[in-house]
Amino acid sequence: MSNIPTDLRYTNSHEWVRDNGDGTVTVGITDHAQEQLGDLVFVETPEIGNTVEAGDACAVVESVKAASDIYAPLSGEIIETNAALTDEPELVNSDAFGEGWIYQIRMEDEDALTQLLDAEAYEAVAAEE
Amino acid sequence: MSQRTALYEQHIQAGAKMVDFAGWDMPIHYGSQIEEHHQVRKDAGMFDVSHMVILDLEGPQARDFLRKLLANDVARLKDAGKALYSCMLTPEGGVIDDLIVYFLSDTQYRIVVNAGTREKDIAWMQEQIQSFDAQLTERSDLSMIAVQGPNAREKMASLLPDTEAKEALELGVFFGQQIGSLFIARTGYTGEDGFEIMVSNDEAAQLWQWLVDAGVAPTGLGARDTLRLEAGMNLYGTDMEENISPLEAGLNWTIAWEPEDRDFIGRGPLEAQRGREDLHRFVGLVLEGRGVLRGHQKVILPDGSEGEITSGSFSPTLNQAIAMARVPASIADRVEVEIRGKHLPARRVKMPFVRNGKSLID
């Protein structure tokens, strides 16, 4: 079973969310998700300054085989993206919860965080697949 | 429930991620598709291709039958063991399947067709063979392992007794022959040297294990697809199909127009298309910037006309996206490809993209 850190929040669509404690969150895809996708060869990050609604497809990760949308876990403004992924998309494979982060959002409503899955609930989602 | 090849247990033990492929449970990769791809380009990898269909054709009119059935001409095969790549066409000139036929003797041929087209191929061939004195037998008792890469032949030969090893290493390019209990052919679908080996289902797992011990890496169908794309080899069902003429799928070279009186199935419609200026062209594309080319993406020519990518992917050897595309005859060297609403620049290149481990593009 892949690694699921308990200090993060999750979505049903396999994004993870880290609360940075300053009204912003960092978003990536889970270890389980990268394992399912296989070797990543391209990550299309959202544009900084864009406003996204929870559930919007706002980034794309492409493996050798297919392209997959990454959804915004909550609403807000994109404030940063991981420039390292341009040259090294494989960081998502090697370190999904760390160097493989994809973008940061300034949350419109911080309560939205509490509505995301905790590690235990996400483990159940991942186990179903 | 999907069918399993004789090597299913070997795949599971090697940690394969299994997927359904044409009704078969097949390994897509064993951990990293890209590493497996490089392993084949640099050393040696092997694929379980036992899902493919092996047919033996025998009879006094076997040759006459194939000269009617196939767009390429088996009469070109003069030396025992020589193989020929050909399309099998509908009467309308569309591609039913592409296949390889091995010339064993004037009355014996071995044919390999795709797994995904098994039923329609066999039904079509059985229908056409009625008026010939020849019989077709499916060899589901055989498994097939493709061993590919610059060191593939040496590694395979190291497993054989001396006299058999010598015979295997002396096989010419695109020749196949029974050697001991194996049918070994110097063919493949990767753009590398290597063998495709037909082995009885009973002996397949043992051979696979010996190959593993000889340093040949299990390689999944995922890498097989990126390898064949780099090698500029068409895939049935994406680059060509029944409603597409082989002349619009880059397969002109596989059609034997001479002799003119050979009346192969589909000849009439192809003759009518031959030499027409307005046929679509089948071309190779390289994406200039970052991103990944995929099947069905729109290709936009400078004059505004549009074509379509038939298969595309990220090329691990070139470290950029490549594709095959069917485009209008006004194709220019520079085009744009529409990816998620954006028009990205791409350029036309001659295929293959890669051969024997080396990039062939500028």
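From a predicted model like this one, the values you see are computed outputs, not experimental measurements.

A word on the sheet that holds strand β1 (residues 9-10) of chain A
Residue and element names in this part refer to chain A. Strand order in this open sheet of 6 strands is β1-β2-β3-β9-β8-β5, and the pairing throughout is antiparallel. Edge positions in the sheet fall to β1 and β5 (51-52), since each has one partner strand and no second. The sheet contact formed by strand β8 (residues 76-81) and strand β9 (residues 103-107) spans 5 bridges and is antiparallel. Among the inter-strand pairings, Thr81 is bridged to a residue of β9, identified as Tyr103.

Let's talk about unusual backbone geometry
Across the junction of Glu258 of chain B and Pro259 of chain B, the peptide omega takes the value -5°, indicating a cis bond. In this structure, Pro259 of chain B sits in the loop between α8 (221-230) and α9 (267-273). Of note, His14 of chain A is a non-glycine position whose phi angle comes to about 75°, a positive value. Since 23 C-beta atoms lie within 10 Å of it, His14 of chain A is described here as buried. In this structure, Asn356 of chain B takes a positive phi of about 45° despite not being glycine. Here Asn356 of chain B lies in the loop between β20 (354-355) and β21 (358-359).

Looking at helix α7 (residues 201-213) of chain B
Residues and elements named next belong to chain B. All buried positions along α7 are accounted for by Ala204, Leu207, Trp208 and Leu211. All buried residues of α7 fall inside an arc of 105° around its axis, so they share one side. Away from its buried face by more than 90 degrees, α7 exposes Asp202, Gln206 and Asp213. Those residues of α7 that are buried are in contact with α1 (8-13), β3 (45-48), β9 (142-148), α5 (152-157) and β12 (194-200). Gly215 occupies a position one or two residues after α7 and carries a positive phi of about 90°.

Description of helix α3 (residues 62-69) of chain B
Residue and element names in this part refer to chain B. Within α3, burial applies to Ala62, Arg63, Phe65, Leu66 and Leu69. Angularly, the buried residues of α3 cover 160° about the axis, an arc narrow enough to put them on a single face. On its buried side, α3 packs onto β4 (53-58), β5 (83-89), β6 (95-105), β7 (108-113) and α4 (118-129).

So, the domain arrangement of chain B
Residues and elements named next belong to chain B. Along its sequence, chain B is carved into domain 1 (1-276) and domain 2 (280-359). Each of domain 1 and domain 2 was reduced to a C-alpha centroid, and the two centroids are 27 Å apart. Every contact between the two is made by 20 residues of domain 1 and, on the other side, 20 residues of domain 2. Counting only elements with at least two residues in the side of domain 1 that touches domain 2, the list comes to α2 (33-42) and α8.

Rules and cut-offs
- Counting restarts for each chain: residues are numbered from 1 in the order of the written sequence.
- Each chain takes a letter, starting from A, and each ligand takes a number, starting from 1, following the order in which they are written.
- Where totals are concerned, whole chains, interfaces and linings use all residues; where local detail is concerned, this predicted model gives features only for residues with pLDDT of at least 70, and gives and counts side-chain atom pairs only at 80 or more.
- Here, a strand pair is defined by DSSP locating no fewer than two bridges between the strands.
- A run of DSSP states H or I qualifies as a helix once it reaches four residues; a run of E qualifies as a strand once it reaches two. Both are numbered from the N-terminal end.
- Exposure classes come from backbone-placed C-beta atoms, where a residue is buried if 20 or more other C-beta atoms lie within 10 Å of its own, exposed if 12 or fewer do, and partly exposed in between.
- The directions from the helix axis to the C-beta atoms are what the arc is built from.
- What counts as a contact here is a pair of residues whose C-beta atoms, placed from the backbone, lie within 7 Å.
- Boundaries of every domain are those given by an automatic assignment or by a domain database.

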